[in-house]
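Single-letter residue listing:
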Amino acid sequence: MHRTTFFQSAFLAAVVGASVIAGSSMTAQHPAAPITVWGLAQGQDTVPKVYTDSQATAGQAVWTKNCTECHETSDVTGADFRTKWVGQSLFSLYETIRTTMPDGNPGTLSTDEYASTVAYILKLNGLPSGDVRLATDSVTLSAITFRLPAASGTENTQNSSASHY
Ligand code: HEC
């Protein structure tokens, strides 16, 4: 009985301490929490908008100039691409492209151009644009998982009586 009480209070003290630290570190740098996942499968009813339309337009120009000599659109929208990338973070996709493409000259584009190309790929996959540009930093990109809206190929298996999410 004594031991339990001791451990309980030690645990409580640790929890309180941790939340004070967490609270005080949340002051300025990150006003909004990053988006963690998207997709109807996660019980969300809207798809977060993680790139802007002008960014995708810029990405289309990058794609046409640097990628279409080897790639067709279906290389970044088709079943193989989706099987491989759905569920991965956008950082994995961005970093793979940045470090391996254009094949033979990897890393030769600016980080902005790589991010724009990823934005264009999101657009090609039917994801909506919004007001916030797709970032180029690993922390933000790692927090976004590549998922597809139900309308673009995956079945919407959401059921209003499902309670396990
Ligand atoms: C000179 C030809 C060439 C160019 C130019 C090129 N690619 Fe590729 N790309 C390839 C080849 C070949 C593969 C398959 C390589 C592999 O699977 O290892 C590939 C694979 C990919 C993949 C799939 C990677 C994966 O692991 O699933 C993506 C995405 C991609 N390229 C994007 C791009 C983008 C974006 C550009 C332009 C910035 C680009 N590529 C330019 C030849 C090229």
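Asker: How would you summarise the site of the ligand if you had to cite specific residues and measurements?
Answerer: In the neighbourhood of the ligand, 14 residues make up the surrounding shell, with Cys67, Cys70, His71, Lys84 and Met101 lying closest. Contact distances for the ligand include 2.7 Å between a nitrogen atom and a side-chain N or O atom of His71. Within the side chain of Trp85, a nitrogen or oxygen atom sits 3.3 Å from an oxygen atom of the ligand. For the ligand, the cavity whose grid points lie within 2 Å of the majority of its atoms is the largest pocket. When residues of the shell around the ligand are traced back to their parent elements, those giving at least two are α2 (53-66) and α3 (79-85).

Asker: Explain the coordination of the iron atom of the ligand to me, using residue names and the numbers behind them.
Answerer: Ligation of the iron atom of the ligand by protein atoms is provided by His71 (NE2) and Met101 (SD), these donors lying 1.9 to 2.1 Å from the ion. If you look at the iron atom of the ligand, its six donor atoms make angles of 85 to 177° with each other, and the shape they trace is octahedral. With His71 in the loop between α2 and α3 and Met101 in the loop between α4 (90-100) and α5 (111-124), this pair connects stretches of sequence that are 30 residues apart. We classify His71 as partly exposed; its relative accessible area is 29%. For Met101, a relative accessible area of 27% translates into the label partly exposed.

Asker: Kindly report on α4, identifying the contributing residues and their values.
Answerer: Among the residues making up α4, those that are buried are Leu90, Leu93, Tyr94 and Ile97. What you see down the axis of α4 is that its buried residues fit within an arc of 95°, all on one side.

Calculation rules
Residue numbers restart at each chain and count upward from 1, following the sequence in its written direction. Local features in a predicted model are, by the rule used here, given only for residues with pLDDT of at least 70; side-chain atom pairs are given and counted only at 80 or more, and totals for whole chains, interfaces and linings are based on all residues. Derived side-chain values reflect all non-hydrogen atoms in the structure, with water molecules and hydrogen atoms excluded from consideration. In this text, near means that some heavy atom of the residue lies within 4 Å of the molecule or strand in question. Within 3.5 Å is the distance limit for a polar contact, defined as a pair of N or O atoms, with the added protein rule that one can donate a hydrogen and the other accept it, and that residues adjacent in sequence qualify only through two side-chain atoms. A cavity here means a set of 1 Å grid points, computed over protein atoms only, where a 1.4 Å probe fits but cannot escape. A pocket is an open set with protein on both sides within 12 Å along at least 5 of 7 lines, and lining residues have an atom within 4 Å of a point. In this scheme, a molecule is assigned to a cavity or pocket if more than half of its atoms are within 2 Å of the grid points. Only DSSP runs of H or I covering at least 4 residues are called helices, and only runs of E covering at least 2 are called strands; the numbering of each starts at the N terminus. Shown as donors are all N, O and S atoms within 2.8 Å of a metal ion, widened to 3.2 Å for Na, K and Ca; because water is not in the atom set, sites may appear incomplete. Under this scheme a four-donor centre is tetrahedral when all angles range from 85 to 135 degrees, a four-donor centre is square planar and a six-donor centre octahedral when opposite donors are above 155 degrees with the rest from 65 to 115, and any other centre is irregular. Only protein chains enter the accessibility calculation, which uses a 1.4 Å probe. A residue is then buried if its area is under 20% of the maximum for its type, exposed if over 50%, and partly exposed in between. In this description, one arc is meant: the one made by directions from the helix axis to the C-beta atoms.

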